[in-house]
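# Observations on chain architecture
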Amino acid sequence: MNNSKNVLLFQKQLLAVNGEFISLDENQKVSSLVKEFITSNSIKSIVLSDFSQHQDLVEALEEDTEILADFGSRSYPLDEAGNLCAKADAGITDVYAIIADTGTLVISSRNRGDRLCSSLPPIHLALIGNSKVYLNFEEFIENTPKEHTYALITGPSRTADIEKKLILGAHGPKRVVVFYSEGNAGCT
Amino acid sequence: MSTVKYKIKSALHDQQLYAAIQNASNLSTAKRDDQILGLDDYESSRDAAREVRQRSVDYSPRLIEKFTREFTALGGKVYIAANASEANRITINILKSHGAEKGVKSKSMVTEEIFLGRALESAGIDAVETDLGEYIVQLAGEKPSHITAPAMHKSRQSIGRLFAEKLGIKYTDDPAELTEVARGMLRERFLNAEFGISGANFLIAETGHIAIVENEGNVRLGLSIPPVYIAVTGIEKLLEKLADLSPLVKMLAKSATGQKFSGYFHLLKPSREGEDGPEEMHVILIDNGRSRAMADPEMREMMLCIRCGACLNECPVYKTIGGHAYDSTYPGPMGSVLSNLLGRNKMLHQELPDLSTLCGACKDVCPVRIDLPKLLLELRARREKPLSHNMLASGWKWTMESSSRVEVAGKFARMVEKVVPKVMSGGVKPGGPGSFRTQVEKRKSQVESPKSKIRTDDEQ
């Protein structure tokens, strides 16, 4: 499987469904790019899914924004988790896999953090880097553990229920921004 | 005049309705065509999708058993409801056992079919529709007019007026602003929901997964926040294995909304130890005539349907009269067949098979190649059978071939109509236009020679 070719295809398809793609070169750190994005988009508060393996990212983000919930540091009761995520300007999650030919993010549904950080805030920042890369749905479904649960997310949430006019941000995020770092651990 | 005829008549006089339906269906077919024309393997993809659905229907009982085993092993619960009232009772019992009173619901045609919304309401349970189109029709006190675009019959102005009246907001007809209003109103409902209800596109027997396709993110919120989650779907939705999803997923979004892939695709099942998710997951499988349809060699094919709605968008009749005129949960070509297979009795919507020109557009766009014109014709033929249609039809032909027979038949018809009202298709008044007697009388004056021949409706 040619990963870089698939990532290029993913980027093209993601843009076609109104997603955004930010690519890093070797010398850049994901954390500094995410910080830059947060500042330039006036994001005041964020919620994080489980980034306990990447404490440096959490620490870097803490400097500029208020972290309303950090699902890597502790667990939250369901109603509290929902309320915090609904208040945040942006949610940041890891990505289990990407599907190139549809521009799709595969997010695990096993953790509350992954579920809520990718669905309640108006902006979803998705970090890919160590994510698996599949060409199409077929390849994903054939290679994926059968016991898992997933949400496949393709662009911002959308509706066309009023006169077929496309509106982004129906109930989920209005923007989906993907940060890609090749060969990087994604979050360092 | 029958309800359907009345509704067609008023639809034909509604300019706003006509404009809305034409606009929406033309945009839908154009978007679909864009996706389909980009596929170099469209025909073989249809074959693959049909093969999966065929297998799904052929092995349905076995697949239900396997799915139930997998799903319950993870702590979920599976119910099989024979009919609508049973399904509604099961749902209400689950919710009552939790004392749940307020929750969220995602779009599901099966729940429309069984009038779940109405049943919940009379049980004192408040389930708000969260799909934007469904939210609109719920506010308006209507039923969806399309299986994938519920509010397709409405203009932005009428939605603006509806929101201003029911939600007390300042009038706007801007779709973005109206969407934002609904988002805001429904956010509160999601965060405080005690239960979530949705449909399901497919259930995977091999793994116990529920597969759901959506675009708005309301299904995702409905299955992420409330502690109790219920999926309601038909018994024909079981797939043998996870890999069976591939050919269906490939066709579904393209045919339904002209998207390459839907915005969200969920694969979920009850959470295991150490995982998050709803505390309780329930799947309610509804028969409501489906097993009878599966056992019917000619009608079985209808059970392959994946509810994409492409046949509605293409149908010249649907595009003229809209969905409400069908007076059934399922409108359009697929609805004209399906509506007559579901429910306690067959053929509850006898007039619907006539709402087709048999042009074949529905068959051409069906991603699983359902031969809808054939099924519509079969239903037209069957309609008369309970009243000895065959005897009537051949008798009619035989009678009309001879003037002396026409004479006798006239007397006979007057007698029959006193005894058996509505002997012809529903709603025809004895002696009124179109009645057997009137047609015989008319024919009497037309018969010129004993050899002249009149074709019956079925031959035309």
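Heads up: these notes are all about the structure in this document.

Cut-offs applied
Residues numbered from 1 in each chain as written. Chains lettered and ligands numbered in written order. Predicted model: local features only at pLDDT ≥ 70, side-chain atom pairs only at ≥ 80, totals over all residues. Helix = DSSP H or I, 4+ residues; strand = E, 2+ residues; numbered from the N terminus. Rg over C-alpha atoms; globule rule 2.2 N^0.38 Å. Buried ≥ 20, exposed ≤ 12 C-beta atoms within 10 Å, placed from the backbone. Contact = placed C-beta atoms within 7 Å. Expected span 1.5 Å × (residues − 1). Pairing = 2+ DSSP bridges. Axes fitted to C-alpha atoms, helices over the stretch in contact; angles between N-to-C directions. Nonpolar A, V, L, I, M, F, W, Y, C, P; charged D, E, K, R; others polar.

Within chain A, the regular secondary structure consists of six helices and twelve strands. On C-alpha atoms alone, chain A measures out to a radius of gyration of 16 Å, which is about the 16 Å that the 2.2 N^0.38 rule sets for 188 residues. Scored against the burial criterion, the 188 residues of chain A give a buried share of 54%. Look at the contacts in chain A between residues 6 or more apart in sequence, and 71% of them connect residues 24 or more apart.

With that settled, the discussion passes to the overall build of chain B. Of regular secondary structure, chain B possesses 21 helices and ten strands. Among the 460 residues that make up chain B, the fraction classed as buried is 49%. A separation of at least 24 residues holds for 74% of the contacts in chain B among residues at least 6 apart in sequence.

Given 3.6 residues to a turn, an α-helix orients residues that are three or four positions apart in the same direction. Residue and element names in this part refer to chain B. If you check helix H2 (residues 15-37), its first and last C-alpha atoms are 32 Å apart, about what 23 residues at 1.5 Å a residue would give, namely 33 Å. Among the residues of H2, Leu-17, Ala-20, Ile-21, Ala-24, Ser-25, Ser-28 and Arg-32 are the ones counted as buried. The inward-facing, buried residues of H2 contact helix H1 (3-12), helix H12 (245-257), helix H14 (310-314) and helix H15 (318-321).

One key point about sheets: their strands pair by backbone hydrogen bonds, in either a parallel or an antiparallel sense. Residues and elements named next belong to chain A. The sheet built from six strands is open, its strands ordered E1-E12-E7-E4-E2-E3 with parallel pairing. Since the sheet does not close on itself, it has two edges, and those belong to strand E1 (20-24) and strand E3 (66-70), each with one partner. Between one strand axis and the next, the sheet turns through 20 degrees on average, direction left out of account. In the sheet, strand E4 (residues 90-94) pairs with strand E7 (residues 123-128) via five bridges, with the strands oriented parallel. Directly across from Ala-90, in E7, lies its bridge partner Ile-123. This element, helix H4 (residues 78-87), spans strand E2 (45-48), E3 and E4 of the sheet and lies at about 150 degrees to E3.

Take unusual backbone geometry next. Residues and elements named next belong to chain B. Here Asp-327, not a glycine, exhibits a phi torsion of approximately 50 degrees, which is positive. On the secondary structure map, Asp-327 appears in the loop between H15 and helix H16 (332-338). Residue Asp-327 is classed as partly exposed on the basis of its C-beta count, with 19 C-beta atoms lying within 10 Å. Unlike most non-glycine residues, Arg-369 shows phi in positive territory, near 55 degrees. Residue placement: Arg-369 occurs in the loop between helix H17 (361-365) and helix H18 (372-384). The exposure class assigned to Arg-369 is partly exposed, which follows from the 18 C-beta atoms found within 10 Å.

All names here are of chain A. Relative to the elements of secondary structure, Ala-90 occurs in strand E4. On the neighbour-count criterion, Ala-90 (24 C-beta atoms within 10 Å) is buried. Remark: the alpha-carbon pair of Ala-90 and Val-176, spanning 86 residues in sequence, is separated by 9.9 Å. The contact partners of Ala-90, leaving out residues within four places of it in the chain, are Ile-43, Ile-46, Pro-121, Ile-123 and Leu-125.

What follows concerns the sheet that holds strand E1 (residues 77-81) of chain B. Residues and elements named next belong to chain B. Across the sheet, which stays open at both edges, the six strands sit in the order E1-E10-E7-E4-E2-E3 with parallel pairing between neighbours. Edge positions in the open sheet fall to E1 and strand E3 (126-129), since each of these has one partner strand only. The mean angle between the axes of side-by-side strands here comes to 20 degrees, regardless of whether they run parallel or antiparallel. Where strand E4 (residues 195-198) and strand E7 (residues 228-234) come together, four bridges link them in parallel fashion. From the neighbouring strand, Ile-197 faces E7, where its bridge partner is Ile-230. Its contacts with the sheet put helix H5 (residues 84-97) on E1, E4, E7 and strand E10 (280-286), and the angle it makes with E10 is roughly 170 degrees.

Here we come to the interface of chain A and chain B. On the side of chain B, 49 residues touch chain A, which itself brings 38 residues to the contact. Secondary structure elements with two or more residues in the side of chain A that touches chain B: H4, helix H5 (112-117), helix H6 (137-143), strand E9 (150-153) and strand E10 (158-159) of chain A. For the side of chain A that touches chain B, the per-class residue count stands at twelve nonpolar, 15 polar and eleven charged. Two strands pair when backbone bridges link them, and E9(A) and strand E9 (residues 264-268) of chain B are joined in this way by four bridges, in the antiparallel orientation. The partner of Ile153(A) across the bridge, within E9(B), is Tyr264(B).

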